[in-house]
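Architecture at a glance
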Amino acid sequence: MAKLALKNRAKKREAMVKKFAARRTGLKAQIDDPTLSMEDRLEARRRLQALPRNASPTRLRNRCAITGRPRGTFRMFGLGRNKLREAAMRGDIPGLIKASW
């Protein structure tokens with residue numbers, strides 16, 4: 001189990017990314033727009049840099065929904081490998097079976 005503080009920090013970052021997503025995309029569009037003057041593009045870059053660090057989506061980390069484990073997380077299910085295996089063995093995930101050959 002991950003510490004509760006790490007889980008809460010991840011949720012806080014997700015909320016901040018969602019809050020600033022529209023502003024970030026607008027500023028990035030201004031920076032990439034070749035029709036704007038260089039001063040306007042530099043000002044857009046300064047405003048983008050002034051946003052909080054946690055507003056960047058690259059700072060997000062996929063975590064298991066149950067345990068909060070940061071590694072070995074399957075995106076499709078949102079679960080860590082251990083919890084995914086347990087859920088599959090119980091039959092909680094339709095269509096998912098354990099491979100055997």
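Definitions and cut-offs
Residues numbered from 1 in each chain as written. Predicted model: local features only at pLDDT ≥ 70, side-chain atom pairs only at ≥ 80, totals over all residues. Heavy atoms only, no water. Buried < 20%, exposed > 50% of the residue type's maximum accessible area, 1.4 Å probe, protein only. Helix = DSSP H or I, 4+ residues; strand = E, 2+ residues; numbered from the N terminus. Arc of directions from axis to C-beta. Contact = heavy atoms within 4.5 Å. 1 Å grid on protein atoms, 1.4 Å probe; cavity = no way out; pocket = protein on both sides within 12 Å on 5 of 7 lines; lining within 4 Å. Points joined across faces, edges and corners; volume = space filled by probe spheres on them. Nonpolar A, V, L, I, M, F, W, Y, C, P; charged D, E, K, R; others polar. Polar contact = N/O pair within 3.5 Å; in protein donor to acceptor, adjacent residues only side chain to side chain. Patch = residues over 30% accessible without salt bridge, like charges linked within 9 Å, V, L, I, M, F, W, Y side chains within 5 Å. Areas by Shrake-Rupley, 256 points an atom, 1.4 Å probe, with all protein chains shown as cover. Salt bridge = Lys/Arg side-chain N within 4 Å of Asp/Glu carboxyl O. Lys, Arg positive; Asp, Glu negative; His and termini not counted. Charge placed at Lys NZ, Arg CZ, Asp CG, Glu CD.

**Some points on helix α3 (residues 81-90)**
- All of the buried residues along α3 are Leu84, Ala87 and Ala88. Buried residues in α3, looked at end-on, bunch into an arc of 100°, giving them a common side. Opposite the buried face of α3, at more than 90 degrees from it, the exposed residues are Arg85 and Arg90.
- Against the buried residues of α3 lie β1 (73-74) and β2 (79-80).
- Where α3 terminates, the next one or two residues include glycine 91, which has phi positive at roughly 85°.

**So, the layout of surface pockets**
- Of the volumes computed, that of the largest pocket is approximately 280 Å³.
- Here the lining of the largest pocket gets 4 residues from one element, more than from any other, and that element is helix α1 (residues 4-32).
- Residue composition of the lining of the largest pocket, by class: 5 nonpolar, 4 polar and 6 charged.
- What the second largest pocket holds in volume is close to 200 Å³.
- Lining of the second largest pocket is provided by Phe74, Arg81, Leu84, Arg85, Ala88, Met89, Leu96, Ile97, Lys98 and Ala99.
- At 5 residues, α3 tops the list of elements feeding residues into the lining of the second largest pocket.

**Re the side chain of serine 56**
- In this structure, serine 56 sits in the loop between α2 (38-50) and β1.
- Residue serine 56 is classed as buried on the basis of its relative accessible area, which comes to 13%.
- A polar contact of 2.9 Å, which involves the side chain of serine 56, links it to the side chain of threonine 58.
- Residues contacting serine 56, with those up to four places away along its chain left out, are Val17 and Arg24.

**Details of a nonpolar patch on the surface**
- Residues Phe74, Met76 and Phe77 make up a contiguous nonpolar surface patch of roughly 340 Å² in combined accessible area.
- Counting through the fold element by element, phenylalanine 77 comes out in the loop between β1 and β2.

**Description of a positive patch on the surface**
- On the surface, Arg61, Arg69, Arg71 and Arg81 cluster together into a patch of positive charge.
- Position of arginine 69 relative to the elements: it lies in the loop between α2 and β1.

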